[in-house]
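# Coordinate inspection notes
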Amino acid sequence: MNEFLEAVVEADDQPVVICDTEHVIVYMNPTAIKRYEKWGGEKLIGQSIFDCHNAHSAEMIRSIFARFQQNPDLNKVYTFSKKKDGEDRDVYIVALRNKSGELIGYYEKHESRVHEAQKR
């Protein structure tokens, strides 16, 4: 099953950045590596998420993480929308929990609001 899950995340055309509970980046899909290349790209893996965020963003991440810890039913929080450079997307932080519900990390999730133009 892990092979299938990895394939899904690897193929995602939106960036996926996964952090552990110590806020260390443990995984970036190819889209994230490319998107965040000017901040280090793949070299960000193993570093603190706070090394590549400003103080406001870092505080928001800490606050959302604390909420995830306090509320096991909370698993997705909207952070901001981006409408520029041809993009129209919402960004969320999503809790990662093991089967017993323990918080094991979180990831940044991008959801595009641009309608698909591909022909069927």
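Heads up: these notes are all about the structure in this document. (Residues numbered from 1 in each chain as written. Predicted model: local features only at pLDDT ≥ 70, side-chain atom pairs only at ≥ 80, totals over all residues. Heavy atoms only, no water.)

## Some words on the nonpolar core
- Ranked by size, the top nonpolar core spans 20 residues in total, and within it Val-17, Ile-25, Met-28, Ile-49, Phe-68 and Tyr-106 carry the most contacts.
- Going through the elements one at a time, β1 (16-20), β2 (25-28), α3 (55-70), β4 (89-97) and β5 (103-112) are the ones with two or more residues in this core. (Core = buried A, V, L, I, M, F, W, Y, C linked by side-chain atoms within 4.5 Å. Buried < 20%, exposed > 50% of the residue type's maximum accessible area, 1.4 Å probe, protein only. Helix = DSSP H or I, 4+ residues; strand = E, 2+ residues; numbered from the N terminus.)

## Concerning the pattern of salt bridges
- The final tally for this structure, using the stated rule, is two salt bridges.
- Here Glu-111 and Lys-76 are joined by a salt bridge, their closest N and O atoms 2.8 Å apart. Of this pair, Glu-111 sits in strand β5 while Lys-76 sits in strand β3 (residues 76-82), placing them 35 residues apart in sequence.
- Overall, Glu-111 belongs to the partly exposed group, its relative accessible area being 26%.
- Since its relative accessible area comes to 41%, Lys-76 is described here as partly exposed.
- One salt bridge in this structure joins Glu-111 and Lys-109, with 3.9 Å as the shortest N-O distance.
- With a relative accessible area of 26%, Lys-109 lands in the partly exposed category.
- Taken together, the shared-partner salt bridges connect Lys-76, Lys-109 and Glu-111 into one network. (Salt bridge = Lys/Arg side-chain N within 4 Å of Asp/Glu carboxyl O.)

## Some points on the pairing of β2
- Pairing geometry for β1 and β2, over three bridges, is antiparallel. Each residue of the ladder has a partner; that of Ile-18, found in β2, is Tyr-27.
- Where β1 hands over to β2, the hairpin turn is made up of four residues, of which His-23 adopts a positive phi near 70°. (Pairing = 2+ DSSP bridges.)

## Quick notes on unusual backbone geometry
- Look at His-23: it is not a glycine, yet its phi comes out positive at around 70°.
- Take His-23: it is sitting in the loop between β1 and β2.

## Topic: the side chain of Asp-90
- Checked against the element boundaries, Asp-90 lands in strand β4.
- Given the relative accessible area of 12%, Asp-90 is considered buried.
- A polar side-chain atom of Asp-90 sits 2.5 Å from a polar atom in the side chain of Ser-81.
- Among residues more than four places away in sequence, those in contact with Asp-90 are Tyr-78, Phe-80, Ser-81, Lys-109, His-110, Glu-111 and Arg-113. (Polar contact = N/O pair within 3.5 Å; in protein donor to acceptor, adjacent residues only side chain to side chain. Contact = heavy atoms within 4.5 Å.)

## Here we look at the state of the cysteines
- For the structure on display, the rule yields zero disulfides.
- In this structure Cys-19 is not part of a disulfide, and its nearest cysteine sulfur, from Cys-52, lies 7.9 Å away.
- Of the residues examined, Cys-52 reaches a relative accessible area of 26% and is grouped as partly exposed. (Disulfide = S-S within 2.5 Å.)

## Considering the sheet that holds β5
- Spatially, five strands are ordered β2-β1-β5-β4-β3 in an open sheet, and the strand pairing comes out antiparallel. Strands at the two margins of the open sheet, each flanked by one partner only, are β2 and β3. Averaged over neighbouring strand pairs, the angle between their axes works out to 20° when direction is ignored.
- With six bridges connecting them, β3 and β4 associate as antiparallel partners. From the neighbouring strand, Lys-82 faces β4, where its bridge partner is Arg-89. (Axes fitted to C-alpha atoms, helices over the stretch in contact; angles between N-to-C directions.)

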